[in-house]
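# Fold and contact review
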Amino acid sequence: MQYDTVIMNGRWFDGTGAPSAVRNIGVRDGRVATITGEALDTTGADVIDATGQWVIPGIIDIHTHYDIETLCEPALSESLRHGVTTVLLGSCSLSTVYLDNVDAGDIFGRVEAIPRRYVIEQLDKARSWRSPKEYVAALEELNLGPNVAAFIGHSDMRAATMGLDRATRKDIRPSAGELARMESMLTEALDEGFVGMSSQQLLFDKLDGEVCRSRTLPSTYATPRELRRLNAILRRRNKILQSGPDIKNPLSIFSQLATSLGVGRRRLKTSLLSAADVKALPPVIYLMEAAARVVNRLGGDFRWQHLPVPFEVYADGISLVIFEEFGSGAAALHLQDELARNELIRDEDYRRQFRKDYDQKYGPRVWHRDFFDADIVACPNESVVGKSFGQVGLDRGGLHPVDAFLDLVLEHGEALRWRTTISNHRPELLRKLAQSACVQMGFSDAGAHLRNMAFYNSGLRLLRQVNDAAKRGTPFLSVERAVHRLTGELGAWYGIDAGTLREGDRADIVVIDPDKLDESLDAYAEQPVESYGGLSRMVNRNDDTVTHVFVSGQSVFNAGQASPVLGKQRFGQFLRAGEPARTLTPVGLNSQSTCAAGSSGN
């Protein structure tokens, strides 16, 4: 038998959690043709010596906002180069299937920190669809790098049906005809292989634009009746609801947990944002994990999404979504004009309110509101670089930390760059969550918040945690199980043909040098996005760690160098949920897991 590519002597992980083994892998016609311990005929094949390296299935990223970037730069190279070969679009109720281009700019621009004008510009260039079927056809015409799958966004359907203005008014409910239209839209999307619907109830995600500026997303205005009607379709079709609760309303969280239950009806597969060890509320993560475990024991099929690394964010001036969660912060972000914003920031009454919001340390929130835990990394005034805003306040005669921050914003605007870690700061909690079966590895937000964070390599960072613990003699998760968590577990739950590396599988393959799972994974770099006017985005660079990436048997990255035809020809494809994904039977795992931490069968 002859092969297109032969990967020799690598430690092979099949993505099911089965024991790994040193094997030779033969790839032909985009599929894995042979996996064997015997020598393979290498005549005419590209041969890769993977001695001492890991050969794993392509990683699946279940939470991205690549909806716009896929249209203009479909290679999605920042994910590919880190071993991600399948991405899911349409998260957080946001997609571009139905609503018009200007409305799409309004719902993506401020929520996901993708400049509104580029959202509209790229959709104006690319849009050729008016339905899910035409949207999928348009994706399949692109020179995709990775494979893509998709949610249909609730805010997309609601705004397209009611108009963005009516869809974001508390006193307006959809008519019977409009609700029926949304049901029809959802059904059409599921018929085309979408994995489910994404919704959102989080109230600090705000709209961009002029007409509806600073209103929350359309899905947040949906009544329980509207949600039940749409969820009923997902239940019947065994498709997935991805959502985020209103963190300021505990009833919203428990309601969404309970939605997964199938008491008297079919259970609803539910993926909720987000399992995070939040600095501001340390006990909450224990409650989240316990609540999910209870729901699944009662018959639900519930998962928290989780970023398996510290959630470190950067900001230029005051441009950061965490300020949306309290009134004075949202008031500043509401103002698009810099002069008007600066006038507000100078106002003493405004500052008094900001200090009051900052000093409010109790109640549900994401940001810890501690400017002593926020370090300046760049500023024209180099004397403040490396200091916290709290320290700058002390240095300036005992200024309140809020005043020190606002003074620097006034002085330097977006030339002031700073960072803080919001959550996932305790390594022992990260290890616990990595073991929990009620948590999914995801939530990278790839393609969004381009100046604020870079988690394209989060899967590699999980593998580093596991590898380092094994070296120390304190393992908490086997490498096989960690690979499974990033690949086959996700492919099976979302019902897409991805995540495994067995004979007959599509050859989405990543080769990793475990000796290079090192501190280089923590570093950030910057790379311009040409289609967004050259905006410099935060990225990761681990070119020594990921030595080879294949999509459908074709090499897309080799030692950090992209294939010269990446972006010029198609590698990936649209993955339709429910189309023939091979049955996944994880070794040593209980498919009826009740999400107890440590029950992963290591």
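The rules we used
- Residues numbered from 1 in each chain as written.
- Predicted model: local features only at pLDDT ≥ 70, side-chain atom pairs only at ≥ 80, totals over all residues.
- Heavy atoms only, no water.
- Helix = DSSP H or I, 4+ residues; strand = E, 2+ residues; numbered from the N terminus.
- Rg over C-alpha atoms; globule rule 2.2 N^0.38 Å.
- Buried < 20%, exposed > 50% of the residue type's maximum accessible area, 1.4 Å probe, protein only.
- Contact = heavy atoms within 4.5 Å.
- Areas by Shrake-Rupley, 256 points an atom, 1.4 Å probe, with all protein chains shown as cover.
- Lys, Arg positive; Asp, Glu negative; His and termini not counted.
- Charge placed at Lys NZ, Arg CZ, Asp CG, Glu CD.
- Salt bridge = Lys/Arg side-chain N within 4 Å of Asp/Glu carboxyl O.
- Domains from an automatic or database assignment.
- Buried area = accessible area lost by both parts, 1.4 Å probe.
- Polar contact = N/O pair within 3.5 Å; in protein donor to acceptor, adjacent residues only side chain to side chain.
- Nonpolar A, V, L, I, M, F, W, Y, C, P; charged D, E, K, R; others polar.
- Expected span 1.5 Å × (residues − 1).
- UniProt positions renumbered as here; feature names shortened; annotations may be inferred.
- Pairing = 2+ DSSP bridges.
- Axes fitted to C-alpha atoms, helices over the stretch in contact; angles between N-to-C directions.
- Core = buried A, V, L, I, M, F, W, Y, C linked by side-chain atoms within 4.5 Å.
- Parallel < 35°, antiparallel > 145°, perpendicular 65-115°, else oblique.
- Left-handed = near helix turned anticlockwise from the far one by under 90°.
- pLDDT = per-residue confidence, 0-100.

Looking only at helices and strands, one finds 20 helices and 22 strands in the chain. A compact globule built from 602 residues would reach a C-alpha radius of gyration of about 25 Å, and the chain, at 24 Å, matches this within 12%. Referenced to the eigenvectors of the C-alpha coordinate spread, the extents of the chain come out at roughly 75 × 60 × 50 Å. When the 602 residues of the chain are sorted by exposure, 61% land in the buried category. In the chain, of all internal contacts separated by at least 6 residues, the share reaching a separation of at least 24 is 76%. Here the chain displays about 22200 Å² of accessible surface, and carbon together with sulfur accounts for 50% of that area. Mean positive and mean negative side-chain charge positions of the chain (69 and 77 charges, respectively) differ by 6 Å.

Bringing the pattern of salt bridges into the picture now. Scanning all chains against the criterion turns up 40 salt bridges. A salt bridge links Arg 166 to Glu 178, with the shortest nitrogen-to-oxygen separation between them at 2.7 Å. Residue Arg 166 is located in helix 7 (residues 164-167), and its partner Glu 178 is located in helix 8 (residues 176-191); the two are separated by twelve residues in the primary sequence. Linking Arg 426 and Asp 277 is a salt bridge whose minimum nitrogen-to-oxygen distance equals 2.7 Å. You can see Arg 426 sitting in the loop between strand 15 (417-423) and helix 17 (427-435) and its partner Asp 277 sitting in the loop between strand 11 (269-272) and helix 11 (284-297), a full 149 residues away along the chain. Since its relative accessible area comes to 0%, Asp 277 is described here as buried. Each of the salt bridges in this network shares a partner with another, and the network as a whole consists of Glu 348, Arg 351, Arg 355, Asp 403 and Asp 407.

Domain parsing of the chain yields domain 1 (59-310 + 424-512) and domain 2 (320-419). Each of domain 1 and domain 2 was reduced to a C-alpha centroid, and the two centroids are 30 Å apart. Contacts between the two partners involve 18 residues from domain 1, matched on the other side by 17 residues from domain 2. Between domain 1 and domain 2, roughly 1600 Å² of surface is buried when both sides are summed, and carbon and sulfur atoms account for 50% of that area. Area buried by domain 1 at its contact with domain 2 is led by Phe 204, Arg 213 and Ala 280, which between them contribute 31% of it. Linking domain 1 with domain 2 are three salt bridges, by the criterion used here. Between Lys 206 and Glu 324 there is a salt bridge; the shortest N-O distance is 4.0 Å. On the surface where domain 1 and domain 2 come into contact, there are six residue pairs in polar contact (both at pLDDT 80 or more). Across the side of domain 1 that touches domain 2, the residue classes break down as five nonpolar, four polar and nine charged.

Along an α-helix, a turn takes 3.6 residues, which lines up residues three or four apart on a common side. Along its 15 residues, helix 18 (residues 458-472) runs 21 Å from first to last C-alpha, staying within 8% of the 21 Å computed at 1.5 Å per residue. Burial analysis of helix 18 places eleven of its 15 residues in the buried class, which makes it a mostly covered element. Those residues of helix 18 not exposed but buried are Ser 458, Gly 459, Leu 460, Arg 461, Leu 462, Leu 463, Arg 464, Gln 465, Val 466, Asn 467 and Ala 469. Just downstream of helix 18 lies Gly 473, where phi reads positive at about 80 degrees.

Here we come to the UniProt feature "domain: Amidohydrolase" (unreviewed entry) in the chain. Taking the UniProt record as the reference, the feature "domain: Amidohydrolase" (unreviewed entry) is found at residues 46-207. As annotated, residues 46-207 has a helix share of 41% and a strand share of 17%, and its two end C-alpha atoms lie 50 Å apart.

Glancing now at the sheet that holds strand 13 (residues 311-316). One open sheet holds the three strands; their spatial order is 13-15-14, and the pairing between them is antiparallel. Because the sheet does not close on itself, it has two edges, and the strands there are strand 13 and strand 14 (375-378). Strand-to-strand, the axes of this sheet are offset by a mean angle of 35 degrees, without reference to chain direction. Pairing of strand 14 with strand 15 involves three bridges; the strand directions are antiparallel.

Moving on to the nonpolar core. Formed by 103 residues in total, the largest nonpolar core has its most connected members in Ile 56, Ile 152, Leu 186, Phe 194, Trp 304 and Leu 463. It is helix 8 that provides the largest number of residues to this core, a total of six residues. Judged by nonpolar contacts, the second largest core, of 38 residues, contains Phe 354, Val 384, Phe 389 and Val 409.

Between helix 6 (residues 154-162) and helix 8, the least distance of the axes is 10 Å, while the angle of their chain directions is 135 degrees. Comparing the axis directions of helix 6 and helix 8 gives the class oblique. Along this stretch, helix 6 crosses helix 8, giving a crossing that reads as right-handed. On the side of helix 6, the interface is formed by Met 157, Arg 158, Ala 160, Thr 161 and Met 162, while helix 8 contributes Glu 178, Arg 181, Met 182, Met 185 and Leu 186. The residue inventory of the contact of helix 6 with helix 8, partitioned by class, reads six nonpolar, one polar and three charged.

Of all residues in the chain, 96% attain a pLDDT of 70 or more, and the chain-wide mean is 94. pLDDT under 50 marks residues 581-594. Its contacts with residues more than four places away, or in other chains, come to 35 contacts. Confidence drops under a pLDDT of 50 for residues 596-602, and excluding neighbours within four residues, the segment shows 25 contacts in the predicted structure.

What follows is about the sheet that holds strand 16 (residues 439-441). Pairing within the open sheet is parallel, and its eight strands lie in the order 6-7-8-9-10-11-12-16. For this open sheet the edge positions go to strand 6 (59-61) and strand 16, each flanked by a neighbour on one side alone. The average undirected angle you get between the axes of adjacent strands in this sheet is 30 degrees. By the bridge criterion, three bridges tie strand 6 to strand 7 (residues 84-89) in an arrangement that is parallel. Counted as the bridge partner of Ile 60 is Thr 86 from strand 7. Across the sheet, helix 6 lies against strand 8 (147-153) and strand 9 (196-198), angled at about 50 degrees from strand 8, the strand it touches most.

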